[in-house]
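Letter by letter, the chains look like this.
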Amino acid sequence: MRNLTKTLLFSSVIALASCGGSVKQEEGFNYIDERFADIQMLRYNVEGFDELSLQQKTFIYHLQEAALWGRDILFDQNGRYNLELRRMMEKLYQEYQGDRESTDFKAFETYLKRLWFSSGIHHHYGSEKFVPEFSKEWFAAETGCSEEILNVLFNPEVMPKRVNQAQGEDLVLTSASNYYQGVTQAEAEAYYARVKAEGDQQHPVMHGMNSTLVKSADGVIYEDRWTTNGKYGKSLTKVVENLKLARPFAEDAKQQEVIDLLVSYYETGDLHTFDQYTIAWVENTDPLVDFVNGFTESYGDPLGMKASWESIVNFKDLAATKRAEQLSANAQWFEVNSPVAPEFKKEKVKGVSAKVIRAAILGGDLYPSTAIGINLPNSNWVRAEHGSKSVTIANLTQAYAESSKGNGMLKEFVYGAEEEELVKQYGAFTDDLHTDLHECLGHGSGKLLPSVDPEALKAYGSTIEEARADLFALYYIADDKMVELGLLPNADAYKACYIGQMQNGLLTQIVRIKLGDQIEEAHMRNRALIAYWALENGKGRAADGKDVMEMVNRDGKTYVRINDYAVLRTLFGELLAEIQRIKSTGDFEAARDLVETYAVKIDYDLHKEILARYEALDIAPYKGFINPVYTPIKDAQGNITDVVVSYTEGYAEQMLRYSKDYSVE
Ligand code: ZN
């Protein structure tokens, strides 16, 4: 599972939740790179890499090679013409002798950049096919390509969506993603229903995740497995080669076992081996360096089984890890002192262990568009019996935060100079702390009463759960304990978090929603719920009798002003107590009332105003990352004596190099 929510939060700007000046930044690091179509390219800083040991650096070097070798797999998974089109277009891009400033060539260049970004011809987020803005005649003349290819590119009826989710249609036949061949949705569903029924019910493997489902000419349906000697064999062989080169530099024996199991699974395609691998991986928590490499997420399959290939190599962020550990170490204190009724508190609470990492490389379905948090494995029984690893990727959130500085968002939406100053000084800092409190303590606090069904809140469950974690964080970030533990510099810093969260919940988060639509996503609903509830219930309750918080209209623009931060904190405490009661007792009606009253509807005129102000800022809605380049320094015997990281490679340059150096055709 991926945490994209924060990505949405940051990349959509919501500067107030993210901007601020206290993120440690290396002098002169360029976070912002080129922009094209609806994309802003960024770079991330692998701070701390130089301080790693030679063994760790060498380990990362080989693992990042393994991460880059899977790239072509994803292109093919996303659609069966993608690789052919990429190669054809790269050739044209590099060899074109005509006017490179012409309208056709410029439009073609943008198209190729989008194709690289999406690993295919469909939008990475919306999944709709790109519309070429260069002419069909020009492209046909320059490439001499077939009618079939022209049809794929230019005919809007052909492969219009990568993943079709429209109810009532055959989702397999109408999706362009390349996971099924000649099979209808009904045939695929029947096939897997049978396979699942025949398999282990207690400990089911992830059926179908590593194969293409094919119907042969004589009507037999079978799985074409993705292994070193099966489909994608050439790419997987290179991935395995580099995993084997990495193995001697692993940090402990358990990590070597992880690699051995992964290699064995790539060689056999055996899903029981895959389960053993994930168990070994989830239990391997000591090493500083860790990695994901494999068929992982199933968002690209309309039936949600086939997993796209991805990789990330990372290492623990020690400073942030220490911060999270400090919270976890005090978990019991936070539980005992929370405003929740005693019967809903955990007797013994265990903080979730530290989990802040720095990405060293992004590959496959995590590149260039990426998640900022990952929670794996996806197998339910492995999670239940062996746990999971849940990480936030600090240097990516840092890059989002740094790049959104100066984009005009803060100036446009913040109420006044005093608020702006607070956010600039403490915004990013308190946002990280808020995330830590939410993840390390919030989700883990409280308990259900014995007979309560964990699913009792049904469709409102995830909004209530997110609100619970957020309120826990909002309540405690204003506590003296934060300053006492050295997590905040002074007693005013938390105000930056309140400004950001309230402004986001009341105003800015809706820039992601189409005018006229409602709020659907659970994290967004949670933020609206808290902010609108506090706005409503703080009426007349400020120390001076005013409203705790108010919406102010100035020159036709709406702003949020917080009049009494201390009482706002009290309100968060009250709502936390109520939300925990709802969760603990499974009070469905109360959950529904809260969510439907405060978290779903958007005022049409306000929405229109916010969208107009946001559009005027001209901020790219999507962001992605150019990878750093790792160069090994070798001695005369060919042993690596150091690994140097650089950040100067351009976007097109990187894509062309990957196509040249990490492609098996
Ligand atoms: Zn959460």
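Keep in mind that what you see is a predicted model, and the values were worked out from it rather than measured.

Asks: Looking at this structure, how should I read the overall build of the chain?
Replies: In terms of regular secondary structure, the chain is built from 27 helices and 16 strands. Whereas a compact globule of 665 residues would reach a radius of gyration of roughly 26 Å, the chain reaches 26 Å, a difference of no more than 12%. Overall, the C-alpha framework of the chain stretches about 75 × 60 × 55 Å when taken along its three principal axes. Looking at the 665 residues of the chain, the share that counts as buried comes to 60%. Here the chain has roughly 27000 Å² of accessible surface; of this, 49% comes from carbon and sulfur atoms. Of the charged side chains in the chain, 70 are positive and 100 negative, and the gap between their average positions amounts to 1 Å.

Asks: What is the right way to read the coordination of the zinc ion from this model?
Replies: Metal coordination angles in their ideal form are 109.5 degrees for the four-donor tetrahedron and 90 or 180 degrees for the six-donor octahedron. Of the protein atoms, only His438 (NE2), His443 (NE2) and Glu466 (OE) coordinate the zinc ion, at distances of 2.1 Å. Judged by relative accessible area, His438 falls into the buried class, the value being 7%.

Asks: For this particular structure, what's the right way to read the sheet that holds strand 4 (residues 180-181)?
Replies: Strand pairing within a sheet occurs via backbone hydrogen bonds; the two strands may be parallel or antiparallel. The strand order across the open sheet built from three strands is 4-5-6, with neighbouring strands paired in mixed fashion. This sheet does not close on itself; its edge strands, each paired only once, are strand 4 and strand 6 (221-225). As paired strands, strand 4 and strand 5 (residues 211-215) are joined by two bridges and run parallel to one another. Of the residues in strand 5, the one forming a bridge with Tyr180 is Leu213.

Asks: Is there a simple way to think about the environment of Asn537 in this case?
Replies: Residue position: Asn537 is located in helix 23 (residues 522-537). With relative accessibility at 28%, the residue Asn537 sits in the partly exposed group. In this structure, the C-alpha to C-alpha distance between Asn537 and Lys345, residues 192 residues apart in sequence, is 25 Å. Once residues lying within four places of it in the same chain are set aside, the contact partners of Asn537 are Leu571 and Tyr598.

Asks: Mind showing me how you'd approach the sheet that holds strand 14 (residues 622-626) here?
Replies: In space, the three strands of this open sheet follow the order 2-3-14, with mixed pairing throughout. Because the sheet does not close on itself, it has two edges, and the strands there are strand 2 (32-36) and strand 14. The average undirected angle you get between the axes of adjacent strands in this sheet is 25 degrees. Here strand 3 (residues 39-43) pairs with strand 14 via five bridges, running parallel. If you follow Gln40 over to strand 14, its bridge partner there is Lys623.

Asks: Help me understand the nonpolar core in this model?
Replies: Grouped together as the largest cluster of nonpolar side chains are 120 residues, with contacts concentrated most on Met89, Phe139, Leu243, Tyr266 and Phe295. Membership of the second largest hydrophobic core comes to 82 residues, among which are Tyr460, Tyr476, Ile519 and Ala599.

Asks: Help me understand helix 20 (residues 461-477), please; the structure alone is not making it clear to me.
Replies: The terminal C-alpha atoms of helix 20 lie 24 Å apart, and with 17 residues this matches the ideal 24 Å at 1.5 Å per residue to within 8%. Where burial is concerned, most of helix 20 is hidden: 16 out of the 17 residues are buried.

Asks: Explain helix 14 (residues 318-329) to me, please; I cannot follow it from the model alone.
Replies: Since one α-helical turn is 3.6 residues long, residues separated by three or four positions face the same way. Spanning 12 residues, helix 14 covers 16 Å between terminal C-alpha atoms, matching the ideal 16 Å at 1.5 Å per step. Packing partners of the buried residues in helix 14 comprise strand 8 (308-316), helix 15 (331-337), strand 9 (356-364), helix 19 (417-442) and helix 21 (480-484). The backbone nitrogen of Ala319 has a side-chain oxygen 3.3 Å away, supplied by the residue at the start of helix 14, namely Asp317.

Asks: What should I look at first to understand the packing of aromatic side chains in this one?
Replies: By the definition in use, this model includes 42 aromatic pairs. Ring geometry for Phe472 versus Tyr476: centroids 5.1 Å apart, planes at 55 degrees, classification tilted. With Phe472 and Tyr476 both in helix 20, this residue pair falls four residues apart, about one helical turn. Comparing Phe472 with Tyr476, the two get one shared label, buried. One Lys or Arg, Lys458, reaches over the ring of Phe588 and ends 4.9 Å from the middle of that ring. Directly above the aromatic system of Tyr559 lies the positively charged group of Arg613, at a separation of 5.0 Å from the ring centroid.

Asks: How should the pairing of strand 12 (residues 549-554) be read in this particular structure?
Replies: In the case of a regular strand, side chains alternate between the two sheet surfaces. Here strand 12 pairs with strand 13 (residues 557-562) via six bridges, running antiparallel. Note on strand 13: the bridge partner recorded for Arg554 is Lys557.

Asks: Before we go on, may I ask you to explain unusual backbone geometry in this structure?
Replies: Leave glycine aside and you will find that most residues have negative phi; peptide bonds, for their part, are mostly trans. With an omega of -10 degrees, the peptide bond running from Tyr367 to Pro368 counts as cis. Take Pro368: it is sitting in the loop between strand 9 and strand 10 (373-376). Even without glycine at this site, Ala37 takes up a positive phi of about 40 degrees. Tracing the sequence through the fold places Ala37 in the loop between strand 2 and strand 3. For Ala37, a relative accessible area of 42% translates into the label partly exposed. Positive phi is not limited to glycine here, since Met159 has a value of about 45 degrees. Of note, Met159 is situated in the loop between helix 8 (147-154) and helix 9 (171-174). Judged by relative accessible area, Met159 falls into the buried class, the value being 18%.

Calculation notes
Within every chain, residues take consecutive numbers counted from 1 along the sequence as written. Where local features are concerned, this predicted model is filtered to residues with pLDDT of at least 70; where side-chain atom pairs are given and counted, the filter is 80 or more; whole-chain, interface and lining totals use all residues. Note that water and hydrogens are dropped before the side-chain values are worked out from all heavy atoms of the structure. Starting at the N terminus, helices and strands are each numbered in turn, a helix being any DSSP run of H or I of at least four residues and a strand any DSSP run of E of at least two. Values of the radius of gyration come from C-alpha atoms, whereas the globule rule sets the reference at 2.2 Å times the count of residues to the power 0.38. For the exposure calls, accessible area comes from a 1.4 Å probe over protein chains only, and a residue counts as buried if that area is under 20% of its type's maximum, exposed if over 50%, partly exposed in between. Accessibility throughout is a Shrake-Rupley quantity obtained with a 1.4 Å probe, and a residue counts as covered only by protein chains that appear here. Charge assignment: positive for Lys and Arg, negative for Asp and Glu; neither His nor the chain ends contribute. For this purpose, a charge sits on NZ of Lys, CZ of Arg, CG of Asp or CD of Glu. Only nitrogen, oxygen and sulfur atoms qualify as donors, provided they sit within 2.8 Å of the metal or within 3.2 Å for Na, K and Ca; with water excluded from the atoms, sites may seem incomplete. When DSSP finds two or more bridges between a pair of strands, those strands are recorded as paired. Contacts: residue pairs with any heavy atoms within 4.5 Å of one another. With axes taken as lines fitted to C-alpha atoms, and helix axes fitted only over the stretch in contact, angles between N-to-C directions fall between 0 and 180 degrees. Here, the term nonpolar core denotes a set of buried Ala, Val, Leu, Ile, Met, Phe, Trp, Tyr and Cys residues that are joined through side-chain atoms within 4.5 Å. Here the expected span of a helix is defined as 1.5 Å times the quantity of residues minus one. Pairs of N or O atoms are called polar contacts if they sit within 3.5 Å, as long as, within protein, a hydrogen donor faces a hydrogen acceptor (for residues adjacent in sequence, only side-chain-to-side-chain pairs). Two aromatic rings from Phe, Tyr or Trp, using only the six-membered ring of Trp, form a pair when their centres are within 6.5 Å; if the ring planes differ by under 30 degrees the pair is stacked, by over 60 it is edge-to-face, and anything between is tilted. Here, a charge over a ring means that NZ of Lys or CZ of Arg falls within 6 Å of the ring centre while also lying within 35 degrees of the ring normal.

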